[in-house]
Amino acid sequence: MSQPSTAGDGKARAGLTALWCSFLAASIATLLFFAFVDPTPVVAVLTPTDVLPSRTALYSLGFFFFWAMCALAAGLTAWLLRPPPR
Amino acid sequence: MNATAPTDPSDSYYAAHQKVYPREVSGRFANLRVTAAWVLLGLFYGLPWLTWDGRQAVLFDLPARQFHLFGLTLWPQDFIYLAWLLVIAALSLFFFTAIAGRLWCGYACPQTVWTEVFLWLERVTEGDRARRIKLDASPWGREKLLRKGAKQALWIVFALWTGFTFVGFFTPIRELAGEVMAGALGPWETFWTLFYGFATYGNAGFLREQVCKYMCPYARFQSAMFDKDTLIITYDAGRGEPRGGRRRGTDPRVAGLGDCTDCTLCVQACPTGIDIRKGLQYECIACAACIDACDSVMDRMGYARGLVRYDTEHALQGRSGRVLRPRVIVYGSLLGLLVAGLVASLAMRKPVALDALHDRNALYRDLGTGEIENVYLLKIMNKDGKTHRFVVSLTDDQDRGHDGESAHRLDPARPVFEVRGGEVYNAAVRVRRAAWDDDERDGSHPGSSKLRLTVTAEDDPALVASADARFFAPQD
């Protein structure tokens, strides 16, 4: 593990940093969002089904949604910050 | 040797990572660190199993949307307390950093604490620093396979247990344990157990000091809280230099040497792989392993301890240090105010709340006896730890009937509902009033009136909450 020293290292680390920072931001977003919004009634209104998914499932999906969005922003930022091709 | 030049990473911002083999140390600060690890890990692994008032003492019950902290039950409406608590935690971090540097990093950070455990497991299976280096350099064989395999097995078991405990803070841990035993753990519980277990394994087993160096935001901004009176771990260059090896018993002054024997034990002990003698570096997590390492050498050489020690920059320059500085006073008083405010507002927090919703199906019902009936759905939230019986009463100050009596009345007159601690109880109450007389003045009537519903605990009149509601009547 973690002995790569090739040129790919910087790229990999930028990607991992983006993932990590978006993880932190997504955690805070999840905390704030679900502190104020109970997802169960919302889902019940949006998709009328017989069996509602559990709150744990909805929280988890919400977290991954936030993580994906934050990762998109962070990843794009990291990508655009690369030195332009010479 | 290979003739081709190695890939030069110098055009990259990132230095190649070199594995750090921290040398085990013993001494005052190592004892303190191990004690802190025992206490903190004991809390982490033990707390979820503690029972209080018949339920898990500390449970952030996300599925039920309520937090239990011993006798206290917090609801989403109490989110402010959580936010407040986080602000207090951040300010404490600032406060202690200003006074004594990175105490958090050295003794209390989960990264440090779990790395400590993983290092210990590594030591148990692979031996001390020299053996570990040798083992890594040796070709794969039976012994290497056995030792590495044993280490991995211990790491994985410990990481899974950690992940399970973590989930146990959010879902009742005894039920969770039952589900694990029965092999019926829910998909998301399984996922988060594995997720957190993997995070523990990766962070404490492999990434270690890299988390502090590359991932931790606090490590980057903590220096903003520092000043020249902050306690840091520091090498007394004035006393140590010029460094150099010498035989025991040699008078360093005669040999033209300082007290540093250049044994490099401080470097070997460092979990982040830095040389403290080069001065304060942002990689230093202030774990004080180098102090213990150096003290042991000073003891052996018969020199005074403290060549590497906790000290302030001012003291090193021979100036007197101050503990009370403006920044310490500001952080300290803010912290004091916030803590006092939190305690006061928790103490004054009303443990009962009431919502009154008008029945959605029918606005009113004409009873045919000259009376109109409205139905209200009460949500009685008992945030107290205990069960209470709540009596519903009604007031309508602005609306008097012909005889000066309250125009509205409850039916039955004194509804009582028993609500368990930490429960939201849905109750329906009926309210009646006489139909408005159409002959009043211009022959019309307002069609609705205001009233106020109140719940009071039978055993504690201080447990009281009210909600306003509107009474509707036919408009003709």
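Residues numbered from 1 in each chain as written. Chains lettered and ligands numbered in written order. Predicted model: local features only at pLDDT ≥ 70, side-chain atom pairs only at ≥ 80, totals over all residues.

Visitor: I would appreciate a short explanation of the sheet that holds strand 4 (residues 66–69) of chain B in the present structure.
Guide: By definition, the strands of a sheet pair up through backbone hydrogen bonds, in either a parallel or an antiparallel sense. Residues and elements named next belong to chain B. Here 3 strands make up an open sheet; going across it, the order is 3-4-5 and the pairing antiparallel. Strands with a single pairing partner mark the edges of an open sheet, and in this sheet they are strand 3 (58–61) and strand 5 (72–74). Direction aside, neighbouring strands of the sheet carry axes that sit 15° apart on average. Pairing analysis gives 4 bridges linking strand 3 to strand 4, with the strands arranged antiparallel. The residue of strand 4 that forms the bridge with V58 is L69. (Pairing = 2+ DSSP bridges. Helix = DSSP H or I, 4+ residues; strand = E, 2+ residues; numbered from the N terminus. Axes fitted to C-alpha atoms, helices over the stretch in contact; angles between N-to-C directions.)

Visitor: When you look at the nonpolar core in this model, what are you seeing that I'm missing?
Guide: Across soluble globular proteins, nonpolar side chains show a tendency to be buried alongside one another. Counting residues in each nonpolar core, the largest one holds 38 residues, and the members touching the most others are I233(B), C266(B), I276(B), A289(B), C290(B) and V308(B). For I276(B), the residues in contact, after removing those within four places along its chain, are I233(B), Y235(B), C266(B), C270(B), C284(B), C290(B) and V308(B). (Core = buried A, V, L, I, M, F, W, Y, C linked by C-beta atoms within 7 Å. Buried ≥ 20, exposed ≤ 12 C-beta atoms within 10 Å, placed from the backbone. Contact = placed C-beta atoms within 7 Å.)

Visitor: Is there a simple way to think about the confidence of the model for chain A in this case?
Guide: Close inspection of predicted coordinates is inappropriate in any region flagged by low pLDDT. Per-residue pLDDT for chain A has a mean of 83; in total, 86% of the residues score no lower than 70. The low-confidence segment residues 1–8 of chain A (pLDDT under 50) makes 11 contacts with residues lying over four places distant or belonging to another chain. (pLDDT = per-residue confidence, 0-100.)

Visitor: How should the environment of Y303(B) be read in this particular structure?
Guide: Residues and elements named next belong to chain B. The topology assignment puts Y303 in the loop between helix 14 (289–301) and strand 7 (308–311). What makes Y303 partly exposed here is the crowd of 17 C-beta atoms within 10 Å. It is 7.5 Å that separates the C-alpha atoms of Y303 and D259, two residues lying 44 residues apart in sequence. In this view, Y303 contacts D259 and M298; residues no more than four positions away in its chain are not counted.

Visitor: Is there a simple way to explain the packing of helix 4 (residues 110–126) of chain B against helix 6 (residues 142–168) of chain B in this structure?
Guide: In a packed pair of helices, the relevant descriptors are the angle between the two axes and the axis-to-axis distance. All names here are of chain B. Between helix 4 and helix 6, the least distance of the axes is 9 Å, while the angle of their chain directions is 150°. Judged on the interaxial angle alone, helix 6 and helix 4 are roughly antiparallel. In the packing of helix 4 onto helix 6, the handedness of the crossing is right-handed. In contact with V117, F118, L121, E122, T125 and E126 of helix 4, helix 6 contributes R147, A150, K151, L154, W155 and F158. For the contact of helix 4 with helix 6, the class distribution of residues is 7 nonpolar, 1 polar and 4 charged. (Parallel < 35°, antiparallel > 145°, perpendicular 65-115°, else oblique. Left-handed = near helix turned anticlockwise from the far one by under 90°. Nonpolar A, V, L, I, M, F, W, Y, C, P; charged D, E, K, R; others polar.)

Visitor: Before we go on, may I ask you to explain unusual backbone geometry in this structure?
Guide: Peptide bonds are mostly trans, and most non-glycine residues show a negative phi. Residue and element names in this part refer to chain B. With an omega of -5°, the peptide bond running from E241 to P242 counts as cis. With respect to the secondary-structure elements, P242 resides in the loop between helix 11 (237–240) and helix 12 (252–255). With omega at -5°, the peptide bond leading from D411 into P412 counts as cis. In this fold, P412 is placed in the loop between strand 12 (408–411) and strand 13 (416–419). Even without glycine at this site, R208 takes up a positive phi of about 45°. Structurally, the position occupied by R208 is in the loop between helix 8 (187–207) and helix 9 (209–215). Residue classification places R208 among the buried positions, given that 24 C-beta atoms sit within 10 Å. Phi at T264 takes a positive value of approximately 60°, unusual for a residue other than glycine. With respect to the helices and strands, the residue T264 is situated in the loop between helix 12 and helix 13 (265–269).

Visitor: So what exactly am I meant to see when it comes to the packing of helix 2 (residues 39–46) of chain A against helix 3 (residues 55–80) of chain A here?
Guide: Residues and elements named next belong to chain A. Contact geometry of helix 2 with helix 3 gives a least axis separation of 10 Å together with a crossing angle of 85°. Taken together, the axis directions place helix 2 and helix 3 in an arrangement best described as roughly perpendicular. For the pair formed by helix 2 and helix 3, the contact residues are P39, T40 and V43 on the first element and R55, L58 and G62 on the second. Class assignment for the residues of the contact of helix 2 with helix 3 results in 3 nonpolar, 2 polar and 1 charged.

Visitor: Would you explain the domain arrangement of chain B in this entry?
Guide: Buried accessible area, meaning the area lost when the parts come together, often serves as the stated size of an interface. All names here are of chain B. Domain boundaries in chain B define domain 1 (17–349) and domain 2 (352–436 + 446–472). Computed over C-alpha atoms only, the centres of domain 1 and domain 2 are separated by 55 Å. Contacts between domain 1 and domain 2 engage 5 residues on the former and 5 residues on the latter. The residue makeup of the side of domain 1 that touches domain 2, split by class, is 1 nonpolar, 3 polar and 1 charged. (Domains from an automatic or database assignment.)

Visitor: Hey, could you run me through the environment of Y282(B) in this one?
Guide: Residue and element names in this part refer to chain B. Along the chain, Y282 falls in the loop between helix 13 and helix 14. C-alpha of Y282 to C-alpha of P474: the two residues are 192 residues apart in sequence and 75 Å apart in space. Those residues in contact with Y282 that sit more than four places away from it in its chain are A219 and S223.

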